[in-house]
Amino acid sequence: RVVMGACPFTGMPLQRSFDPFGTDGPWWHKDRTFTPEEPAAPSTFRTLLGALDLRGRAPAEAADVVLAGPGAPFVVPALLGLPGMAAVISRLELATGDLAYPVAYFSRERLAPASLHQHWTRPELWFDNPDGSRGWTVANDTWDFELAPWIEKGQLFWIRPGDPDARVLGRDSGERCPYAGLPGERLFQVLGDGQVELEDAPDGSAPEPFEQP
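Residues numbered from 1 in each chain as written. Predicted model: local features only at pLDDT ≥ 70, side-chain atom pairs only at ≥ 80, totals over all residues. Heavy atoms only, no water.

Draft legend 1. Local environment of the overall build of the chain. Scanning the chain for helices and strands turns up two helices and 12 strands. When the elements of the chain are put in sequence order from the N terminus, they spell out β-β-β-β-α-β-β-β-β-β-α-β-β-β. Taken over the C-alpha atoms alone, the chain extends approximately 45 × 45 × 35 Å along its principal axes. When each of the 213 residues of the chain is scored for burial, the buried share is 48%. (Helix = DSSP H or I, 4+ residues; strand = E, 2+ residues; numbered from the N terminus. Buried < 20%, exposed > 50% of the residue type's maximum accessible area, 1.4 Å probe, protein only.)

Draft legend 2. Molecular detail of the packing of aromatic side chains. By the definition in use, this model includes 13 aromatic pairs. Seen from their ring centres, W27 and W120 are 5.8 Å apart, and the 80 degrees between their planes marks the pair as edge-to-face. With W27 in the loop between β2 (13-16) and β3 (45-53) and W120 in the loop between β7 (99-106) and β8 (125-128), this pair connects stretches of sequence that are 93 residues apart. As far as the burial class goes, W27 and W120 line up, both buried. When the ring centre of F34 is taken as reference, the NZ or CZ atom of R32 above it lies at 5.6 Å. The ring of F145 is capped by R186, whose NZ or CZ atom sits 4.6 Å from the centre of that ring. (Phe/Tyr/Trp six-rings, centres within 6.5 Å; stacked < 30°, edge-to-face > 60°. Lys NZ or Arg CZ within 6 Å of the ring centre and 35° of its normal.)

Draft legend 3. A look at the sheet that holds strand β11 (residues 188-192). With antiparallel pairing, three strands are arranged side by side in an open sheet as β4-β11-β12. What marks the edges here is a single partner per strand, and that holds for β4 (66-69) and β12 (195-199). Each neighbouring strand pair of the sheet contributes to a mean axis angle of 30 degrees, computed without reference to strand direction. With three bridges joining them, β4 and β11 adopt antiparallel strand pairing. Among the inter-strand pairings, V66 is bridged to a residue of β11, identified as L191. (Pairing = 2+ DSSP bridges. Axes fitted to C-alpha atoms, helices over the stretch in contact; angles between N-to-C directions.)

Draft legend 4. Structural detail: a nonpolar patch on the surface. On the surface, L187, V196 and L198 cluster together into a nonpolar patch covering about 210 Å² of accessible area. With a relative accessible area of 43%, L198 lands in the partly exposed category. (Patch = residues over 30% accessible without salt bridge, like charges linked within 9 Å, V, L, I, M, F, W, Y side chains within 5 Å. Areas by Shrake-Rupley, 256 points an atom, 1.4 Å probe, with all protein chains shown as cover. Salt bridge = Lys/Arg side-chain N within 4 Å of Asp/Glu carboxyl O.)

Draft legend 5. Spatial organisation of the pattern of salt bridges. Within this structure, the stated rule accounts for five salt bridges. One salt bridge connects E93 with R91, and the closest N-O pair in it is separated by 2.8 Å. Assessed through its relative accessible area of 55%, E93 is described here as exposed. Between R167 and D163 there is a salt bridge, and its shortest N-O distance comes to 3.3 Å. Bridged by salt links that share partners, the residues R57, E61 and D98 form one connected network.

Draft legend 6. Focus on the nonpolar core. L79, M85, Y105 and L156 are the most contacted members of the largest nonpolar core, which totals 34 residues. Those elements that place two or more of their residues in this core are β3, α1 (77-80), β5 (86-89), β7, β8, α2 (148-152), β10 (156-158) and β11. For M85, the contacting residues outside a window of four places in its chain are R46, L79, L80, Y105, F106, S107, L111, L116 and Q155. F45, L92, L94 and W120 belong to the second-largest nonpolar core, a separate cluster that totals 26 residues. (Core = buried A, V, L, I, M, F, W, Y, C linked by side-chain atoms within 4.5 Å. Contact = heavy atoms within 4.5 Å.)

Draft legend 7. Inspection of the environment of R108 at higher detail. With respect to the helices and strands, the residue R108 is situated in the loop between β7 and β8. Since its relative accessible area comes to 58%, R108 is described here as exposed. Once residues lying within four places of it in the same chain are set aside, the contact partners of R108 are F9, T44, R46 and G84.

Draft legend 8. Looking closely at unusual backbone geometry. Of note, R55 is a non-glycine position whose phi angle comes to about 55 degrees, a positive value. By the secondary structure assignment, R55 is in the loop between β3 and β4. Given a relative accessible area of 54%, R55 falls into the exposed group.

The structure is reproduced here in structure tokens:
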């Protein structure tokens, strides 16, 4: 379990399971058959998205399908449009040399699960309804790689790469965000059979869940 962010309201760290050794591990697989046991998250945590920069390499180890997302940090405007929502970007280094950019979303407001987004690498989001039934959704919300405006709005924060204290910084820190303006693939990266297939980025249209990669 590693720190993938921290609440921008309380500073409480967000710890999640993660495989830093390469995309051949089942943590990355679209069709993994287990659900990792996760540490307790901050009460404000809502969802975790992410990007994976392969830095030009072919992921030879990725035999199974991996929904890696884009190759550069991004935000989802639809999520940041929900009441009280803010996002925090951090960075994790893989043994393969890849750079992962978790983007964790937090809000003090109660939000309907169906308004949220499937987690990073997951094809859909499952949730419990108030009546005890199970529901699911697939979000197709657009990405925004222009981070500076969201920082200025006070909705986007960051943790310095390698900061052991996972301190949340923002527009009032006097520092430049190290994740703004980074290069990287802007299309959706689907890994498998040792290769990368590039698919269209989400366009905000109604999703077709049974046609997802």
